[in-house]
Amino acid sequence: MAALSSSKSYHIRSISLLGRSHPTTQRVEEELNKLKTLDTTVSPAAETICSALFGLEKLHKCMDDLLYLPQTLQSLSKHQNGKWIEDLLEKSVRIIDVCGTARDLVSQSKESVRDLQSALRRRKGDASAEASISRFTSVSKKIKKEAKMSIVALKQMDHDTEISSILLDADQQTTAIFRALREVNAMCISIFQMLLLSLCVPIVKPKPSKWSKISRLVHKGRIACEDQEEIIETRLETFDAQLESFENGLEGIFRCLIRSRSSLLKIFSC
């Protein structure tokens, strides 16, 4: 995946039109810049994804503060019936939906990982071992499929964001606010894509014959193929911890997205 800093959607020059001296404006710009500098040129590490998620949560909180500045409220109140407002609110729903889907997929993945961990630990003739391995493989395929569908939806949203027209009848300040909101949405889209892509990469990739062998050994309670089992168990343990962090990050962002949409609805209904 390309670096966040390379995306056309992340130029934030327009935000400065609100007045660089205002602390809230500066915080929005700073949080955007921090996210832009994350290294995602290759497959990003889990730590990078976690940093992006928590950074995105901070960005939304700063953006909420910006929306409630008196000068922001005054500017937006002049354009309550614009089509760009409908587009903005419609996109906020789509982003919330994708965030909810990502959260569900992470939760399913975590449950599947823990089920497999439990089966591999027993190793005492437990007949459920083969079923757990089969279930883990099946759930992983399902998650990969759903993640790819969400990525397609995000790419379409990203395209819509880039071609969105700038307000022709708005003043500089309103245009700057609109661009800032688009910047935040674009950043959401990129980070969610990054997370969903990570869910498409198998955490363990033993050949089917090796899965079958591990299953038989676990079922018979034999101490064999230990190296292979230990590698898998270590990877599962690491992945479980990563999923826990992803889940916490997505939960925070989901709450922020709901709050931001509520804020926009209140502002545009005044």
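An account of the accompanying structure is given in this report. (Residues numbered from 1 in each chain as written. Predicted model: local features only at pLDDT ≥ 70, side-chain atom pairs only at ≥ 80, totals over all residues. Heavy atoms only, no water.)

**Quick notes on helix 3 (residues 70-77)**
Using the following cut-off: Burial here depends on accessible area, computed with a 1.4 Å probe over protein chains only, as a share of the maximum for the residue type. Under 20% is buried, over 50% is exposed, and the range in between is partly exposed. Strands here mean DSSP runs of E at least two residues long; helices mean DSSP runs of H or I at least four residues long; both are numbered from the N terminus. This arc describes the spread of directions from the helix axis toward the C-beta atoms.
For helix 3, every residue scored as buried is listed here: Thr72, Ser75 and Leu76. Buried residues of helix 3 fall within an arc of 95 degrees about the axis and therefore sit on the same side. Across helix 3 from its buried face, at more than 90 degrees, point the exposed residues Pro70 and Gln74.

**Considerations on the pattern of salt bridges**
Where side chains of opposite charge bring their charged atoms close, a pairing between them can arise. Filter applied, for reference: Each salt bridge in this description consists of a side-chain nitrogen of Lys or Arg and a carboxyl oxygen of Asp or Glu lying within 4 Å of one another.
Inspection of the entire model under this criterion finds 14 salt bridges. Between Glu251 and Arg255 there is a salt bridge, and its shortest N-O distance comes to 3.6 Å. Pair noted here: Glu251 and Arg255 are both in helix 8 (residues 226-269), with a separation of 4 residues, about one helical turn. Because the salt bridges share partners, they merge into one network encompassing Lys110, Arg114, Asp240, Glu244 and Glu247.

**Concerning the environment of Arg103**
The test is simple: We call two residues in contact when some of their heavy atoms are within 4.5 Å.
Among the secondary structure elements, Arg103 is positioned in helix 4 (residues 83-122). C-alpha separation for the pair Arg103 and Phe246, spaced 143 residues apart in sequence, amounts to 8.1 Å. What Arg103 contacts, discounting residues up to four positions off in sequence, is Leu250, Glu251 and Phe254.

**Topic: empty space enclosed by the protein**
We count it as follows: Definitions used for this entry: grid spacing 1 Å over protein atoms alone; cavity, a set of points where a 1.4 Å probe fits but cannot get out; pocket, an open set with protein on both sides within 12 Å along at least 5 of 7 lines; lining residue, one with an atom within 4 Å of a point. Grid points are joined across faces, edges and corners, and a volume is the space filled by probe spheres set on the points. Ten residue types, Ala, Val, Leu, Ile, Met, Phe, Trp, Tyr, Cys and Pro, are classed as nonpolar, four, Asp, Glu, Lys and Arg, as charged, and the remainder, Gly among them, as polar.
A full pass over the atoms with the stated rule returns 1 cavity of 30 Å³ or more. In this structure, the largest cavity occupies an estimated 160 Å³ of space. Counting residues per element, the ones that place at least two in the lining of the largest cavity are helix 2 (46-67), helix 4, helix 6 (172-199) and helix 8. For the lining of the largest cavity, the class distribution of residues is 8 nonpolar, 4 polar and 2 charged.

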